[in-house]
Amino acid sequence: MRILSVVGARPQFVKLAPIDKALQSRAEHVIVHTGQHYDELMSDVFFRDLGISAPDVNLEVGSGKHGEQTGAMLSKLEPVFEEYAPDWVLVYGDTNSTVAAALAAVKLHLPLAHLEAGLRSFNRRMPEEHNRVLTDHAADLLLAPTEVALSHLANEGLAHRSVLVGDVMTDVLYRIRDESQSDPIPLKDVAPGGYFVSTLHRPDNTDDPDRLRAIIRGLAALSNPVILLAHPRLVARAREAGVELESGAIRVVDPLPYPQLVRAVASSAGVITDSGGLQKEAFLLRVPCTTIRPETEWVETVDLGWNVLVNSGFDDLARAVQRAAPAATDAAPYGDGHAARRVADALLKE
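Residues numbered from 1 in each chain as written. Predicted model: local features only at pLDDT ≥ 70, side-chain atom pairs only at ≥ 80, totals over all residues. Heavy atoms only, no water.

Q: Account for the overall build of the chain, with residues named and values stated.
A: A tally of regular secondary structure across the chain gives 15 helices and 13 strands. Here the C-alpha coordinates of the chain stretch approximately 55 × 45 × 40 Å along the principal axes. When each of the 350 residues of the chain is scored for burial, the buried share is 56%. A sequence separation of at least 24 residues applies to 68% of the contacts in the chain between residues at least 6 apart. Just so you have it, the chain exposes about 14,200 Å², and 50% of that area is on carbon and sulfur atoms. (Helix = DSSP H or I, 4+ residues; strand = E, 2+ residues; numbered from the N terminus. Buried < 20%, exposed > 50% of the residue type's maximum accessible area, 1.4 Å probe, protein only. Contact = heavy atoms within 4.5 Å. Areas by Shrake-Rupley, 256 points an atom, 1.4 Å probe, with all protein chains shown as cover.)

This is the structure we're talking about:
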């Protein structure tokens, strides 16, 4: 059997790692990189550090407006799919790479499987929400990470093609956590538990200069150092808006390789982010998270007290970030670390 994975962004590379390993010796695995994230810190380093097979094809699409980028991917994916004629096209998450590959596959009548199916923010301002909904309704096999995601698919009439597999990011995070427990913190001049880790990249937070300025002002006022892992989008928007990122408590650093990110988060006092994946990673590492968004797809993190949503009043951000630690829990809503094996089983069975 030939399974063709399409990836293009940092979170997808992390999800790809355990899938690539699970498919070894069980199926031919073709990896297509769209080039949505294309610089070394956001792309190459993940393949190297996570031991992922080198992409068979790199479309080198690069950045661009949503329509431009998605259209470029769609036109370049079609001949690749025709050449490889896979038994399954496997798409990951909710990026433009995801929806472009989904459209290309269904137009060519190729079986389509969606990993991380059923996640919903119910915020139609998010491009990711449109991408995931469109992909779910196009797919032949829906690989759900959680019971909540499975229930969303059932509510949309998709239960008959849905399978609960768990979250593959749990697989790789547990492996990296266990391998790096004795490694030093990959940050200078900070002590364990004495700093926060932050990321910002979503358009709602970066594209409005006043909102971005307010968020940065709130981060700068925190009592402990804030290690801001500066996504290229954030750097560009801040420069355009005249917002100084490195101020007060904020220390700006480049995005970290995934193993170093896990170690940095595990040793931190908390996470402040608008990333979907980092919310969940913080929970799995039992580190409090403050999410700068009005909603989250990972509702379990909020229900269990490890995540708090903040969407306004950033001058008082310290109250949320520096809150008391949540109650300890052994809840495992994201699986047991063996989701990739279940994904491989489901693909081969079908």
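Q: Residue-level account of helix H9 (residues 209–220), with values.
A: Along its twelve residues, H9 runs 16 Å from first to last C-alpha, staying within 8% of the 16 Å computed at 1.5 Å per residue. For H9, every residue scored as buried is listed here: Arg211, Leu212, Ala214, Ile215, Ile216, Gly218, Leu219 and Ala220. N-cap assignment for H9: the residue whose side-chain oxygen lies 3.0 Å from the backbone N of Asp210 is Asp208. (Expected span 1.5 Å × (residues − 1). Polar contact = N/O pair within 3.5 Å; in protein donor to acceptor, adjacent residues only side chain to side chain.)

Q: A description of the sheet that holds strand E9 (residues 226–229) should follow, citing residues and the corresponding values.
A: Read across the sheet, six strands follow the order E10-E9-E8-E11-E12-E13 without closing on themselves; strand pairing throughout is parallel. Two strands bound the open sheet, and with one partner strand each, they are strand E10 (250–253) and strand E13 (307–309). Direction aside, the axes of adjacent strands within the sheet are offset by 20 degrees on average. Strand direction decides the pairing type here: E9 and E10, joined by four bridges, are parallel. When the bridges of E10 are listed, Val226 appears paired with Ile250. Across the face of the sheet, H9 comes into contact with strand E8 (196–199), E9, E10 and strand E11 (270–273) while running at roughly 115 degrees to E10. (Pairing = 2+ DSSP bridges. Axes fitted to C-alpha atoms, helices over the stretch in contact; angles between N-to-C directions.)

Q: Lay out the packing of helix H7 (residues 168–179) against helix H11 (residues 258–266) in plain terms, naming residues and giving numbers.
A: Interhelical geometry of H7 versus H11 gives an angle of 75 degrees and a closest axis separation of 9 Å. On the basis of the axis angle, H7 is roughly perpendicular to H11. Contacts between H7 and H11 involve Val172, Leu173, Ile176 and Arg177 from the former and Tyr258, Pro259 and Val262 from the latter. A per-class count over the contact of H7 with H11 returns six nonpolar, no polar and one charged. (Parallel < 35°, antiparallel > 145°, perpendicular 65-115°, else oblique. Nonpolar A, V, L, I, M, F, W, Y, C, P; charged D, E, K, R; others polar.)

Q: Describe the sheet that holds strand E2 (residues 28–33), naming the residues involved and giving the relevant values.
A: Taken in spatial order, the seven strands of this open sheet run E3-E2-E1-E4-E5-E6-E7, and their pairing is parallel. Both edges of this open sheet fall to strand E3 (57–58) and strand E7 (162–164), since each of them pairs with a single strand only. Relative to E2, strand E1 (residues 2–7) runs parallel, the two sharing six bridges. Across the sheet, the residue bridging to Ile3 is His29, located in E2. Running over the sheet, helix H5 (residues 127–138) touches strand E4 (88–92), strand E5 (112–115) and strand E6 (141–144) and is turned about 140 degrees from E5.

Q: Lay out the packing of aromatic side chains with the relevant residues and their values.
A: Applying the stated rule across the entire model yields three aromatic pairs. Seen from their ring centres, Phe13 and Phe47 are 5.2 Å apart, and the 50 degrees between their planes marks the pair as tilted. One end of the pair, Phe13, is in helix H1 (residues 10–23); the other, Phe47, is in helix H2 (residues 44–49), with 34 residues separating them in the sequence. For the residue pair Phe13 and Phe47, the accessibility class agrees, reading buried in each case. Note on Trp298 and Tyr334: the rings are 5.4 Å apart at their centroids and 85 degrees apart in plane angle, and the pair reads as edge-to-face. One end of the pair, Trp298, is in the loop between strand E12 (289–291) and helix H13 (299–303); the other, Tyr334, is in the loop between helix H14 (317–321) and helix H15 (339–349), with 36 residues separating them in the sequence. Residue Trp298 is classed as buried on the basis of its relative accessible area of 3%. With relative accessibility at 0%, the residue Tyr334 sits in the buried group. (Phe/Tyr/Trp six-rings, centres within 6.5 Å; stacked < 30°, edge-to-face > 60°.)

Q: Give a detailed account of the side chain of Thr206, specifying residues and quantitative values.
A: When you line up the elements, Thr206 lands in helix H8 (residues 203–206). Among residues more than four places away in sequence, those in contact with Thr206 are Leu200, His201, Leu212, Arg233, Leu234 and Arg237.

Q: Quick rundown of the side chain of Asn96? Include the residues and the values.
A: Its place among the elements puts Asn96 in helix H4 (residues 96–107). Among the polar contacts listed, one links the side chain of Asn96 to the side chain of Gln69, at a separation of 2.8 Å. Here Asn96 is in contact with Gln36, His66, Gln69, Thr70, Met73 and Asn131, once residues within four sequence places are set aside.

Q: Explain the pattern of salt bridges residue by residue, including any values.
A: Counted by the stated rule, this structure contains 25 salt bridges. Salt-bridge contacts for Arg26 lead to Asp345; the nearest nitrogen and oxygen are separated by 2.8 Å. Note that Arg26 is positioned in the loop between H1 and E2 and Asp345 in helix H15, a separation of 319 residues in sequence. Classification of Asp345 as partly exposed rests on a relative accessible area of 35%. (Salt bridge = Lys/Arg side-chain N within 4 Å of Asp/Glu carboxyl O.)

Q: Run through the pairing of E5, naming residues and quoting values.
A: Here E5 shows a buried face lined by Leu112 and His114 and a second buried face lined by Ala113 and Leu115. Inspection of the sheet shows E4 paired to E5 by four bridges, in the parallel sense. Paired with Tyr92 across the two strands is Leu115, which belongs to E5. A crossover links E4 with its parallel partner E5, the connecting element being H4, and its sense is right-handed. Direction of pairing for E5 relative to E6: parallel, over a ladder of three bridges. Paired with Leu115 across the two strands is Leu143, which belongs to E6. As for the winding sense of the linkage, the β-α-β connection from E5 through H5 to E6 is right-handed. (Right-handed = clockwise from strand over helix to strand, strands pointing away.)

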